[in-house]
Amino acid sequence: MCETGEKCDSGNDNVPMSEQDTWKDVAPISQDDGANTICPIAYTDEYREMMGYLRAVMSKCEVSQRALDLTSRVIVVNPGHYTVWVYRKKLVEELGSNIENELDWVTEISEKHHKNYQLWHYREALVSRLLDPKAVSEMTEEQLVVHPVIRRELFFTSSAIESDSKNFHAWSYRQWLVRTYGVWEQELGFIDTMINEDVRNNSAWNQRYFVLMGDGRGRPTKDAGSPMEGSLADSEIDYATDMIKLAPNNESPWTYIVGLLVRHAPAKLYTVLLPKLKELAADGSEYAAAMKTTPFYWSALVDIYEQQAKDLPDQADDLLAQASEVCDVLATDHDPMRNKYWEFRKDQLVPNI
């Protein structure tokens, strides 16, 4: 697309650039691979020619519409060429291009290349230019989530994630969006929806941790060792154990709640989580039977006993003995494929005193 958002005149697309009036004044610069290239890349003639002209305009730091149009052609052929994206950003800024139209173009490219990280970083730059975070810093979250720019980006990322829930780049971009514009509360609703749709979506569990530990509004900051409010820790224990009951052999909620408490509320591991897990495992239900055979239940016990031993040194010997027994159970009964790992963990059970 051209700067106006309309498709550029494609009448010359099949005509070599060397024969186009637009490029008559430019001497292309060939790629220099040295005298004895061991394994030259088999570029197409069209791509080799485009890059020759692109090197030429870049060498002169040319800022022009023809250079912008050329970056479009190169990116369509090779969207992973990060240097071209950097040059395009410079052109868009200095030409004063229409950012909305540029975002439309990026959206079009992303339909085929949704895991291209250059595209997502470029989109960040465009959105930041279109909507300066400082300009909306005084808005409430209710106002922010209905702002047309933020609303569109939230929809764009949710669509990308719904298409591929493991798209790391989409999740990373969404974290940038939430953090930059402060739309934390709505994100919890989105995460709940994603986890309810697929309780095994570990990316959504990761996003939950990011939101809970990252907003700084009455909750802890995202610093690794910051303490967590007791009420928040209790509610997250309830939330995670409810999800564990749905699928006891799903690693995500186990990893989430143990990791969360180890970092931010370690005492809750043995004062709240441990009794709750033992109660669930003993209630005679179908999920209780599954819990007692999943390695994640037993692995959680090792982490809990180990943390308790660190916090209560006078009981450390007994607690580490329990953790050691659980390692044996894992190595022989519930996770024999990783028996060497559990032997190693057992050897590492040393009280932190």
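For the structure, check the block above.
All of these numbers come straight from a predicted model, not from anything done at the bench.

*Asks:* Got a minute to help me understand the overall build of the chain in this structure?
*Replies:* Regarding its fold elements, the chain presents 17 helices and zero strands. As displayed, the chain has an accessible area near 18200 Å², and 51% of this comes from carbon and sulfur atoms.

*Asks:* Would you mind showing me how to read the pattern of salt bridges here?
*Replies:* If the charged atoms of two oppositely charged side chains come close together, the side chains can form a pair. All chains considered together, the criterion is met by 23 salt bridges. Residues Lys245 and Asp242 are paired through a salt bridge, measuring 3.7 Å at the closest nitrogen-oxygen approach. You can see Lys245 and its partner Asp242 sitting in helix 11 (residues 230–246), three residues apart, about one turn around the helix. In the salt-bridge network here, residues are joined through shared partners; they are Asp25, Lys60, Glu62 and Arg66.

*Asks:* I'm lost on the side chain of Gln175 in this one. Help?
*Replies:* As for its position among the elements, Gln175 is in helix 8 (residues 168–181). For Gln175, a relative accessible area of 17% translates into the label buried. Engagement of the side chain of Gln175 in a polar contact is seen with the side chain of Gln207, the distance being 3.0 Å. The residues contacting Gln175, other than those within four sequence positions of it, are Asn206, Gln207 and Phe210.

*Asks:* What am I meant to see in unusual backbone geometry here?
*Replies:* Of all residues except glycine, most have a negative phi; of all peptide bonds, most are trans. Phi is positive for Cys61, close to 55°, though the residue is something other than glycine. Tracing the backbone through its elements, the reader meets Cys61 in the loop between helix 1 (45–59) and helix 2 (65–77).

*Asks:* Please clarify how the side chain of Ser64 should be interpreted in this entry.
*Replies:* Inspection of the secondary structure assignment puts Ser64 in the loop between helix 1 and helix 2. The buried category is assigned to Ser64, whose relative accessible area is 16%.

*Asks:* Mind showing me how you'd approach the environment of Lys310 here?
*Replies:* The residue Lys310 is located in helix 15 (residues 295–311) in this model. Spatially, the C-alpha atom of Lys310 lies 8.9 Å from that of Val350, the residues being 40 residues apart in sequence.

*Asks:* Would you explain helix 11 in this entry?
*Replies:* For an α-helix the count is 3.6 residues per turn, leaving residues at separations of three or four pointing the same way. Between the first and last C-alpha of helix 11 there are 25 Å, a value that for 17 residues agrees with the 24 Å anticipated at 1.5 Å per step. Within helix 11, the full set of buried residues consists of Leu232, Ala233, Glu236, Ile237, Tyr239, Ala240, Thr241, Met243 and Ile244.

*Asks:* What is the right way to look at the packing of aromatic side chains in this model?
*Replies:* Geometry of an aromatic ring pair is reported as the spacing of the ring centres plus the angle between the planes. Summed over all chains, the structure comprises 14 aromatic pairs. Judged by centre distance (5.5 Å) and plane angle (45°), the rings of Trp120 and Phe156 are tilted. Of the two residues, Trp120 is situated in helix 5 (residues 117–130) and Phe156 in helix 7 (residues 148–163); the sequence distance between them amounts to 36 residues. On the basis of relative accessibility, which here comes to 4%, the residue Trp120 falls in the buried class.

*Asks:* Would you mind going over the environment of Glu343 with me for this structure?
*Replies:* Locating Glu343 in the fold gives a position in helix 17 (residues 339–347). A relative accessible area of 39% places Glu343 in the partly exposed class. When the C-alpha atoms of Glu343 and Leu330 are compared, they prove to be 9.4 Å apart, with 13 residues separating the residues in sequence.

*Asks:* It is not clear to me how the nonpolar core should be interpreted in this structure. Could you clarify?
*Replies:* For soluble globular proteins, nonpolar side chains are generally found buried alongside one another. Judged by nonpolar contacts, the single largest core of 105 residues is most densely connected at Ile257, Leu273 and Met291. Per-element accounting of this core gives the leading share, nine residues, to helix 15. Here Met291 is in contact with Ile244, Pro248, Trp254, Leu277, Leu280, Ala281 and Tyr297, once residues within four sequence places are set aside.

*Asks:* I keep staring at the environment of Gln118 and nothing clicks. Help me out?
*Replies:* Turning to its location among the elements, Gln118 is positioned in helix 5. Sequence spacing of Gln118 and His169 is 51 residues, and the spatial spacing of their C-alpha atoms is 9.6 Å. In contact with Gln118, not counting residues within four places along its chain, are Pro79, Gly80, His81, Tyr82 and Trp85.

*Asks:* What exactly am I supposed to notice about the packing of helix 10 (residues 202–212) against helix 12 (residues 251–264) here?
*Replies:* For any two helices packed against each other, the geometry comes down to the angle between their axes and how far apart the axes lie. Put simply, helix 10 and helix 12 touch, their axes get as near as 9 Å, and they point 20° apart. Viewed along their axes, helix 10 and helix 12 adopt a mutual orientation that is roughly parallel. The chirality of how helix 10 crosses helix 12 is right-handed. On helix 12, the residues touching Asn202, Trp205, Arg208, Tyr209 and Leu212 of helix 10 are Ser252, Pro253, Tyr256, Leu260, Arg263 and His264. Tallied by class, the residues present in the contact of helix 10 with helix 12 amount to six nonpolar, three polar and two charged.

*Asks:* Help me understand helix 8, please; the structure alone is not making it clear to me.
*Replies:* Compared with an ideal rise of 1.5 Å per residue, which puts 14 residues at 20 Å, helix 8 spans 20 Å between its outermost C-alpha atoms and is within 8% of the ideal. Extensive coverage of helix 8 is indicated by the burial of 10 of its 14 residues. Within helix 8, burial applies to His169, Ala170, Trp171, Tyr173, Arg174, Gln175, Trp176, Leu177, Val178 and Tyr181. Turning to helix 8, the residues buried within the fold contact helix 5, helix 6 (141–144), helix 7, helix 9 (184–197) and helix 10. If you check the start of helix 8, you find a side-chain oxygen 3.1 Å away from the backbone N of His169, and it comes from Asn167. Downstream of helix 8 by one or two residues, Gly182 has phi in the positive range, about 70°.

Rules and cut-offs
Residues numbered from 1 in each chain as written. Predicted model: local features only at pLDDT ≥ 70, side-chain atom pairs only at ≥ 80, totals over all residues. Heavy atoms only, no water. Helix = DSSP H or I, 4+ residues; strand = E, 2+ residues; numbered from the N terminus. Areas by Shrake-Rupley, 256 points an atom, 1.4 Å probe, with all protein chains shown as cover. Salt bridge = Lys/Arg side-chain N within 4 Å of Asp/Glu carboxyl O. Buried < 20%, exposed > 50% of the residue type's maximum accessible area, 1.4 Å probe, protein only. Polar contact = N/O pair within 3.5 Å; in protein donor to acceptor, adjacent residues only side chain to side chain. Contact = heavy atoms within 4.5 Å. Expected span 1.5 Å × (residues − 1). Phe/Tyr/Trp six-rings, centres within 6.5 Å; stacked < 30°, edge-to-face > 60°. Core = buried A, V, L, I, M, F, W, Y, C linked by side-chain atoms within 4.5 Å. Axes fitted to C-alpha atoms, helices over the stretch in contact; angles between N-to-C directions. Parallel < 35°, antiparallel > 145°, perpendicular 65-115°, else oblique. Left-handed = near helix turned anticlockwise from the far one by under 90°. Nonpolar A, V, L, I, M, F, W, Y, C, P; charged D, E, K, R; others polar.

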